[in-house]
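Residues per chain are reported as follows:
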Amino acid sequence: MKSLNLKERLAQQQAAQLYRRPVCLESPQGVQIRIQGREYLSFASNDYLGLANHPDVVAALQQGAATWGVGGGAAHLVTGHLLPHQQLEEALAHWTGRERALLFSSGYQANLAVISALLGSGDTLLHDRLNHASLLDAGRLSGARFSRYLHNDMDSLSTRLSRARGNTLIATDGVFSMDGDLAPLPDICRLAQQQDAWVMVDDAHGLGVLGKTGAGSLELFNLSSQEVPVLMGTLGKALGTSGAFIAGSHELIEALIQFARPYIYSTSSSPALACATLESLRIVQKEHWRRQHLQQLIALFRQGAQTLGLQLMPSTTAIQPILIGDSAQAMRLAQQLQEHDLWITAIRPPTVPNSSARLRITLSAAHSTAHIERLLETLANILPKEQE
Ligand SMILES: *Cc1c(COP(=O)(O)O)cnc(C)c1O
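Residues numbered from 1 in each chain as written. Predicted model: local features only at pLDDT ≥ 70, side-chain atom pairs only at ≥ 80, totals over all residues. Heavy atoms only, no water.

Visitor: Break down the pattern of salt bridges for me, with residues and values.
Guide: Tallying each qualifying case throughout the model produces 8 salt bridges. Between arginine 38 and aspartate 341 there is a salt bridge, with its nearest N and O atoms 2.8 Å apart. A residue pair is termed long-range when its members are at least 10 positions apart, and arginine 38 in strand β2 (residues 38–42) and aspartate 341 in the loop between α14 (327–339) and β11 (342–343) qualify at 303 residues. Residue classification places arginine 38 among the partly exposed residues on the basis of a relative accessible area of 36%. A salt bridge links arginine 190 to aspartate 187, with the nearest nitrogen and oxygen atoms 3.1 Å apart. Pair noted here: arginine 190 and aspartate 187 are both in helix α8 (residues 185–195), with a separation of 3 residues, about one helical turn. (Salt bridge = Lys/Arg side-chain N within 4 Å of Asp/Glu carboxyl O. Helix = DSSP H or I, 4+ residues; strand = E, 2+ residues; numbered from the N terminus. Buried < 20%, exposed > 50% of the residue type's maximum accessible area, 1.4 Å probe, protein only.)

Below you can see the structure in the form of structure tokens.
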């Protein structure tokens, strides 16, 4: 077999301080985690509401498996669409105020599915420059022309819209995953309407957290299905389980069922998992205190960080990154935090733009105010020495 230069490519990655490896948790997901026999206070998951290991969600999964088994057993269009899947799709549509919803095994898959089904060569996809990688990959798969506008910059979007050809879709994160800021969705929708383009919002980090009932960015801005025809939500973040869905009009969902290959050619997720997600959805909808407590923690953290003179980003969400810049330094800081029993992930290029490595701090409703105080104290001890 011809050499694929793997050794060389791996060495380059290492030399560039970009080498990644998964860490193995020896505990369930939560704010208290164990890694290599050591306990850490974690600010590094997307379990924003503390539901990933909630006893009622665990019980629903167990009960679901007892009733429906573990495996979906086939693709949805064959015999893999079970009653819990159907009930979850209906509950998600109702929650998000859309006519229909369609389940996927992951957000990555949902993004590939919807964009490749809606667009083809001759069409145009407009991306915010900080959009999630799965949206970019979806654009490539679709064969559409694509163009990235400057982050949250409506002049840049407007210029690109006026040059767009064919069917045009504007895709944006609702909450940007590595920065935590919101997309200016009402402005995006206004521009889209003027140019007869469609808007798609990937609300992986808004769903569950934003809006009165936690239905996300679109609820926060009160945007209808007409204004935002395509909503993608993930279930592995604030909802604490896994999977994703697309919500929209009856026609959109029917089109996905006919044309979206990542939907058609993939086995359904576990029906027991759908039971678990139905339970976590019930909790998200009724326990408003989780969102309120999270908001209090965010305010407390930002206040404290400002007092310390840390370089915060303009985020009002649970994602509160501290910009470091240099990848090696970000790694060093993450290491020092570990020595103080805090687990925070350093995020490096290509996940973020060059020279914008950061500590991605995420807060959860499962944190206490004492946890935030401990985080601030530790940052105060570590960061000044490094940043001077
Ligand atoms: C996590 C994430 C996804 C992918 O969802 P998975 O269910 O983890 O595959 C898509 N978009 C955004 C913005 C995300 O943060």
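From this point, the narrative continues.
Visitor: Describe in detail the domain arrangement of the protein chain, supporting the description with residues and values.
Guide: Partitioning the protein chain into domains gives domain 1 (20–49 + 288–387) and domain 2 (55–286). Its C-alpha centre places domain 1 at a distance of 27 Å from the equivalent point of domain 2. Residue-level contacts link 21 residues of domain 1 with 23 residues of domain 2. The contact between domain 1 and domain 2 buries some 1,700 Å² in all, and 59% of this surface belongs to carbon and sulfur atoms. (Domains from an automatic or database assignment. Contact = heavy atoms within 4.5 Å. Buried area = accessible area lost by both parts, 1.4 Å probe.)

Visitor: Describe the sheet that holds strand β5 (residues 145–149), and please don't skip the residues or the numbers.
Guide: Two orientations exist for strands paired in a sheet by backbone hydrogen bonds: parallel and antiparallel. Pairing within the open sheet is mixed, and its 7 strands lie in the order β3-β9-β8-β7-β6-β4-β5. The open sheet has two edge strands with one neighbour each: β3 (100–104) and β5. Neighbour to neighbour, the strand axes of the sheet diverge by 20 degrees on average, direction disregarded. Here 5 bridges tie strand β6 (residues 168–173) to strand β7 (residues 198–202), and the two strands are oriented parallel to one another. (Pairing = 2+ DSSP bridges. Axes fitted to C-alpha atoms, helices over the stretch in contact; angles between N-to-C directions.)

Visitor: Residues and numbers for the site of the ligand, please.
Guide: Near the ligand there are 14 residues, and of these Gly107, Tyr108, Asp202, His205 and Lys237 occur at the shortest range. Note that an oxygen atom of the ligand is positioned 3.0 Å from one of the backbone N or O atoms of tyrosine 108. Take lysine 237: an N or O atom from its side chain is 2.7 Å from an oxygen atom of the ligand. In the complex, 82% of the free accessible area of the ligand, which totals 380 Å², lies under the protein chains. Contributions of two or more residues to the shell around the ligand are made by α5 (107–118) and β8 (230–234). In terms of residue count, the dominant contributor to the shell around the ligand is α5 (3 residues). In terms of residue class, the shell around the ligand is made up of 3 nonpolar, 8 polar and 3 charged. (Near = heavy atom within 4 Å. Polar contact = N/O pair within 3.5 Å; in protein donor to acceptor, adjacent residues only side chain to side chain. Areas by Shrake-Rupley, 256 points an atom, 1.4 Å probe, with all protein chains shown as cover. Nonpolar A, V, L, I, M, F, W, Y, C, P; charged D, E, K, R; others polar.)

Visitor: Can you tell me about the pairing of β6, naming the residues and giving the values?
Guide: On a regular strand, each side chain points to the face opposite its neighbour's, so the side chains alternate between the two faces of the sheet. The element β6 is largely enclosed, with a buried count of 6 among its 6 residues. Where burial is concerned, the two faces of β6 agree: the one with Thr168, Ile170 and Thr172 and the one with Leu169, Ala171 and Asp173 are both buried. Note: strand β4 (residues 124–128) against β6, 4 bridges, orientation parallel. Looking at β6, one finds that leucine 125 is bridged to leucine 169. Handedness of the crossover joining β6 and β7 through α8: right-handed. (Right-handed = clockwise from strand over helix to strand, strands pointing away.)

Visitor: Hey, could you go over the packing of aromatic side chains for me, with residue numbers and the actual values?
Guide: Scanning the model with the defined rule gives 2 aromatic pairs in all. Ring plane angle 75 degrees and centroid distance 4.9 Å describe the contact between tyrosine 40 and tryptophan 343, whose orientation is recorded as edge-to-face. Placement of tyrosine 40 in strand β2 and of tryptophan 343 in strand β11 is noted, with a sequence separation of 303 residues between them. In this pair, the class of tyrosine 40 matches that of tryptophan 343, namely buried. On the basis of an interplanar angle of 70 degrees and a centroid distance of 5.8 Å, the ring pair of phenylalanine 104 and tyrosine 263 is categorised as edge-to-face. One end of the pair, phenylalanine 104, is in strand β3; the other, tyrosine 263, is in helix α11 (residues 261–264), with 159 residues separating them in the sequence. (Phe/Tyr/Trp six-rings, centres within 6.5 Å; stacked < 30°, edge-to-face > 60°.)

Visitor: Which residues make up helix α13 (residues 288–308), and what are the values?
Guide: Structurally, the α-helix is built with 3.6 residues per turn, so residues lying three or four positions apart point the same way. The end-to-end C-alpha distance of α13 is 31 Å, a good match for the 30 Å that 21 residues give at a rise of 1.5 Å each. All buried positions along α13 are accounted for by Arg290, Arg291, His293, Leu294, Leu297, Ile298, Phe301, Arg302, Gly304 and Ala305. Phi for glycine 309, located one or two positions after α13, is positive at around 75 degrees. (Expected span 1.5 Å × (residues − 1).)

Visitor: Can you explain unusual backbone geometry? Please cite residues and give values.
Guide: With an omega of 10 degrees, the peptide bond between proline 349 and proline 350 qualifies as cis. Locating proline 350 in the fold gives a position in the loop between β12 (345–347) and β13 (357–360). Phi at asparagine 152 is positive, roughly 55 degrees, even though this residue is not glycine. Summarising the element assignment, asparagine 152 is placed in the loop between β5 and α7 (154–163). Even without being glycine, aspartate 341 reaches a positive phi, approximately 65 degrees. The class of aspartate 341 is partly exposed, set by a relative accessible area of 28%.

Visitor: Describe the UniProt feature "binding site: pyridoxal 5'-phosphate" (unreviewed entry) in the protein chain, with residues and values.
Guide: Sequence positions flagged by UniProt for "binding site: pyridoxal 5'-phosphate" (unreviewed entry) are, in local numbering, Gly107, Tyr108, Ser177, His205 and Thr234. These annotated residues cover 128 residues of sequence, and their C-alpha atoms lie no more than 13.7 Å from one another, placing them together at a single site. Tracing the backbone through its elements, the reader meets glycine 107 in helix α5. Beyond its immediate sequence surroundings of up to four residues, glycine 107 is in contact with Met232, Thr234, Gly243 and Ala244. Relative to the elements of secondary structure, serine 177 occurs in the loop between β6 and α8. Its relative accessible area of 6% is what places serine 177 among the buried residues. Ignoring any residue separated from it by four or fewer positions in sequence, one finds serine 177 in contact with His132, His205, Ile319 and Arg360. (UniProt positions renumbered as here; feature names shortened; annotations may be inferred.)

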